[in-house]
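# Summary of structural features
So you can see what is in the structure, the chains are spelled out below.
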Amino acid sequence: MLESDLSSLPKELRKLIKKRQSIKDSINSVRDYVNKFIPASSSVRQLQIRLSKLTAFMAELSVTQEAIVDFELGYDDVTEQVAFDDFTFTLVADMEELIEKHGPSTTSSSMHPSNQSRASVNETMRLPTINIPTFNGEIENWASYIDTFNALFHNNKDLPNVHKMHYLKSGVCGTAAEVIKSFSITSDNYQAAYDELVKQYENKALTIQVHIRALLNSPKVHTNCAAELKKLHYHFNSHVRSLIALKQPVQHWDAWLTTIVCCHLDPTTAGEWQLLQTSKELPAFKDIESFLSKRIAAYEFGYISSKSDTKQTTGKSQYGTKKHDVKAFFC
């Protein structure tokens, strides 16, 4: 929207838009300084001061942006704002790298060959980038999400709260995003938003019930093939592992776990399982889990072998040999 078009907007909204532009101009001035930064003649301390100011600008911009959105007049370009947010976080990362690279600690360590060697090793052994954990509000995924988020961001004392808040809001979607929707991305809001999510989803009793219901509603195997058996096997094991992590006495649940698995098998596979039982004692869950693993491996091996046999048969057919269809237990 052009400056001349602002006259049609409410007075308060015009003020907010101008304020936002002023903040963006300040951020751009920081960017210009970083782009012209020369380690030999520029002060790292100046970078640190500007980084601190940049963080404050980002927080102020977030508050202003939230106020503009509250007008709900269809003025704001969300795509443009998201792009500018990405730009500012990239700028923060660039400044932190410059400070780390040219700061006093780097200079002093350069006098020690052993430190240089360790730094060189660290450079060549960088871990792959870890994506921000995501959570969509499904409670069975909460424990995995919050454990990962805590390890990467929440427990990182060197990470500013405004950055943690950005990662927190970026990682939630669906109903979980609604829980902290009203919190703008500021340093002061981080702990409150984090606590609100924990309050909403940290419910051990409910989580246990969700996993048990998921076991009862496991996918049914209709055909004795690798694809369907793998789906059941993965589904069942993932929820059993989650219950173990929640400190449930799964080791004493052999009777009903084994029964549930059997109820979800196709008649052929269930019959083969029963033929293996040589005792009237109820088998352990680990036994049927092992049976499924071996069965899946056998079906997949049969599929691979059948492809090889088919190629050989096809090769012979050009000399008049009749081709034979090879059936495999694979979907």
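### Description of the overall build of the protein chain
A tally of helices and strands in the protein chain yields 14 helices and zero strands. Traced from its N-terminal end to its C-terminal end, the protein chain shows the element sequence α-α-α-α-α-α-α-α-α-α-α-α-α-α. Counting over 331 residues, the protein chain shows a buried share of 34%. If you sum the accessible surface of the protein chain, you get close to 20800 Å²; carbon and sulfur atoms cover 54% of it.

### Focus: the nonpolar core
Grouped together as the largest cluster of nonpolar side chains are 25 residues, with contacts concentrated most on F236, L257 and L265. Taken together, the elements giving at least two residues each to this core come down to helix 10 (204-216), helix 11 (226-245), helix 12 (254-263), helix 13 (267-275) and helix 14 (285-317). Once residues within four sequence positions are removed from consideration, F236 is found in contact with L215, S218, L257, I260, V261 and F285.

### Concerning the pattern of salt bridges
For the structure shown, the criterion picks out three salt bridges. Note that R31 and D32 form a salt bridge whose closest N and O atoms lie 3.1 Å from each other.

### Observations concerning the side chain of H233
For H233, the location among the structural elements is in helix 11. Look at H233 and you get buried, because its relative accessible area is 16%. H233 has contacts with E289, L292, S293 and I296, leaving out every residue within four places of it along the chain.

### Let's talk about a negative patch on the surface
On the surface, a cluster of negative charge is contributed by D94, E96, E97 and E100. Along the chain, E96 turns up in helix 3 (residues 78-102).

### Things to note about the confidence of the model for the protein chain
With 75% of its residues at a pLDDT of 70 or more, the protein chain shows a mean pLDDT of 77. Under a pLDDT of 50 for its full length, residues 116-127 has, in the predicted model, two contacts with residues more than four places off or in other chains. Of the regions scoring below 50 in pLDDT, residues 315-331 engages in 24 contacts with residues more than four places distant in sequence or in other chains.

### Focus on the environment of H239
Turning to its location among the elements, H239 is positioned in helix 11. Leaving out residues up to four positions away in the same chain, H239 has contacts with H211, A214 and L215.

### Regarding the packing of helix 6 (residues 142-154) against helix 7 (residues 161-171)
Running from N to C, helix 6 and helix 7 cross one another at 155°; their axes reach a closest spacing of 11 Å. When the axis of helix 6 is compared with that of helix 7, the two are roughly antiparallel. Crossing hand, helix 6 versus helix 7: right-handed. Between helix 6 and helix 7, the contacting residues are Y145, F149, F153 and H154 on the first element and K164, Y167, L168 and G171 on the second. Here the residues of the contact of helix 6 with helix 7 are counted per class, giving five nonpolar, two polar and one charged.

### Some thoughts on helix 11
Every α-helix winds through 3.6 residues per turn, so residues three or four apart in the chain are directed the same way. Between the first and last C-alpha of helix 11 there are 28 Å, a value that for 20 residues agrees with the 28 Å anticipated at 1.5 Å per step. At the C-terminal side of helix 11, K247 shows a positive phi close to 65°.

What counts and what doesn't
- Residues numbered from 1 in each chain as written.
- Predicted model: local features only at pLDDT ≥ 70, side-chain atom pairs only at ≥ 80, totals over all residues.
- Heavy atoms only, no water.
- Helix = DSSP H or I, 4+ residues; strand = E, 2+ residues; numbered from the N terminus.
- Buried < 20%, exposed > 50% of the residue type's maximum accessible area, 1.4 Å probe, protein only.
- Areas by Shrake-Rupley, 256 points an atom, 1.4 Å probe, with all protein chains shown as cover.
- Core = buried A, V, L, I, M, F, W, Y, C linked by side-chain atoms within 4.5 Å.
- Contact = heavy atoms within 4.5 Å.
- Salt bridge = Lys/Arg side-chain N within 4 Å of Asp/Glu carboxyl O.
- Patch = residues over 30% accessible without salt bridge, like charges linked within 9 Å, V, L, I, M, F, W, Y side chains within 5 Å.
- Lys, Arg positive; Asp, Glu negative; His and termini not counted.
- Charge placed at Lys NZ, Arg CZ, Asp CG, Glu CD.
- pLDDT = per-residue confidence, 0-100.
- Axes fitted to C-alpha atoms, helices over the stretch in contact; angles between N-to-C directions.
- Parallel < 35°, antiparallel > 145°, perpendicular 65-115°, else oblique.
- Left-handed = near helix turned anticlockwise from the far one by under 90°.
- Nonpolar A, V, L, I, M, F, W, Y, C, P; charged D, E, K, R; others polar.
- Expected span 1.5 Å × (residues − 1).

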